Amino acid sequence: MARIYEQAYFGDSLVQFADAKLSVASSAVLYGMSVYTVFPIHIDDQGRRVAFRLFDHYKRLLTSSRIMGITSFEGRWTEERFFVAVQDLIIANRIKDDAFVRVTVHLDELVPGVRSRDISSTLSMFAYQAVPILPQGGARLKTTHWRRVPDVAIPPRAKVNGAYVNSVLGKQDALDSGYDDCVFLDTAGHVSELSAANIFLVRNNVLITPAVPGDLLEGISRTTILELAKDLGIQTIERTVDLTELYVADEVFASGTSAYLAPVVEIDSRKIANGAMGSVTRRLYEHYHALLRGKDEHYSHLVARFDQ
Ligand code: PMP
């Protein structure tokens, strides 16, 4: 299990992680009414702690709140306040290794019934050791019989805690069959994403990923990979993807903050190409890890740097 750092941010201040608690009667606990994001902390060449696309993660909390009709978050937070809270958390915990930070906006009113507007919320933040959720040397996937929850039911575009029940069903199904993670199809039977990562395939040197109206999370890493590929002169297409296209792909990989960029070597007992990381995946992998650590000048405007 990943080690959790001792100090958490809860409400308006730093507290001991063990004291960051919600009531069992809160909307967050009763209905999963919280929205969240996870962003990475890395150490750059100067030993400085950095967070790639920190403000995109903040924006995602806002858009998730907006979709869910959570009105008590947006007015009380700003990018500046968010940055200071993250910096306080990093300094208080003396983070010196790669870490993930999970930030959640919890609806904490007690027994409010099933609604969202004008209900009080609390923000929590905690940091933990960056243990990737997928094997970085090659992941094995199973197409689950559970379908990705559609936008018209629980929008996957919002990163809402309650929706992760769907991810748990898919992932556990895959784990029970001895795989690392699941491939979710959408209700129309097209490839959507994994339990907590987006999916890409390469065919004839073209990088393809399911388009956003495919009941998937608009992953921040997904956006980065698409931008990076364009910069490297790799053709990219966002479109509907059939499951069997994955079977015959030259390369498949998953992307996500906690998955990084994980090559996929097997799906449904079918080896992908020769079962090793492909050359396009490798190029993207190397550049991606460099930019996360602030080593790529071209992307340095997307890197938040913290005081020591
Ligand atoms: N899809 C789902 C369902 C996820 O939970 C995640 C992880 N946040 C992703 C995709 C990847 O998103 P990101 O690159 O923003 O971490």
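Just above, that's the structure.
What counts, and at which threshold
- Residues numbered from 1 in each chain as written.
- Predicted model: local features only at pLDDT ≥ 70, side-chain atom pairs only at ≥ 80, totals over all residues.
- Heavy atoms only, no water.
- Helix = DSSP H or I, 4+ residues; strand = E, 2+ residues; numbered from the N terminus.
- Expected span 1.5 Å × (residues − 1).
- Buried < 20%, exposed > 50% of the residue type's maximum accessible area, 1.4 Å probe, protein only.
- Pairing = 2+ DSSP bridges.
- Axes fitted to C-alpha atoms, helices over the stretch in contact; angles between N-to-C directions.
- Core = buried A, V, L, I, M, F, W, Y, C linked by side-chain atoms within 4.5 Å.
- Domains from an automatic or database assignment.
- Contact = heavy atoms within 4.5 Å.

K.L.:
Any chance you could explain helix 5 (residues 220-231) here in plain terms?
P.N.:
One full turn of an α-helix is made of 3.6 residues, so residues set three or four places apart face in the same direction. When the terminal C-alpha atoms of helix 5 are compared, their 17 Å separation across 12 residues agrees well with the 16 Å that a helix rising 1.5 Å per residue should span. For helix 5, every residue scored as buried is listed here: Ile 220, Ser 221, Arg 222, Thr 224, Ile 225, Leu 226, Leu 228 and Ala 229. Gly 233 sits one or two positions beyond helix 5 and adopts a positive phi of about 80 degrees.

K.L.:
What am I meant to see in the sheet that holds strand 1 (residues 7-10) here?
P.N.:
Paired through backbone hydrogen bonds, the strands of a sheet run either parallel or antiparallel to each other. On the basis of which strands lie adjacent, the open sheet formed by 7 strands has the order 2-1-6-5-3-4-16 and antiparallel pairing. Lying at the two open borders of the sheet, with one neighbouring strand each, are strand 2 (13-16) and strand 16 (303-305). When strand polarity is set aside, the average angle formed by the axes of neighbouring strands in this sheet is 30 degrees.

K.L.:
Got a minute to help me understand the nonpolar core in this structure?
P.N.:
Burial of nonpolar side chains together is a common tendency in soluble globular proteins. Grouped together as the largest cluster of nonpolar side chains are 35 residues, with contacts concentrated most on Phe 39, Ile 41, Phe 73, Phe 82 and Met 125. Mapped onto this core, the elements with two or more residues apiece are strand 3 (34-43), helix 2 (54-68), helix 3 (79-92), strand 5 (99-107) and strand 6 (121-129). Shared between two domains, this core holds at least three residues of each, these being domain 1 (7-129) and domain 2 (139-292). Here Met 125 is in contact with Ala 8, Tyr 9, Phe 82, Ala 85, Val 86, Leu 89, Val 101, Arg 102 and Val 103, once residues within four sequence places are set aside. With 29 residues, the next largest nonpolar core counts Ala 130, Phe 200, Leu 207 and Val 280 among its residues.

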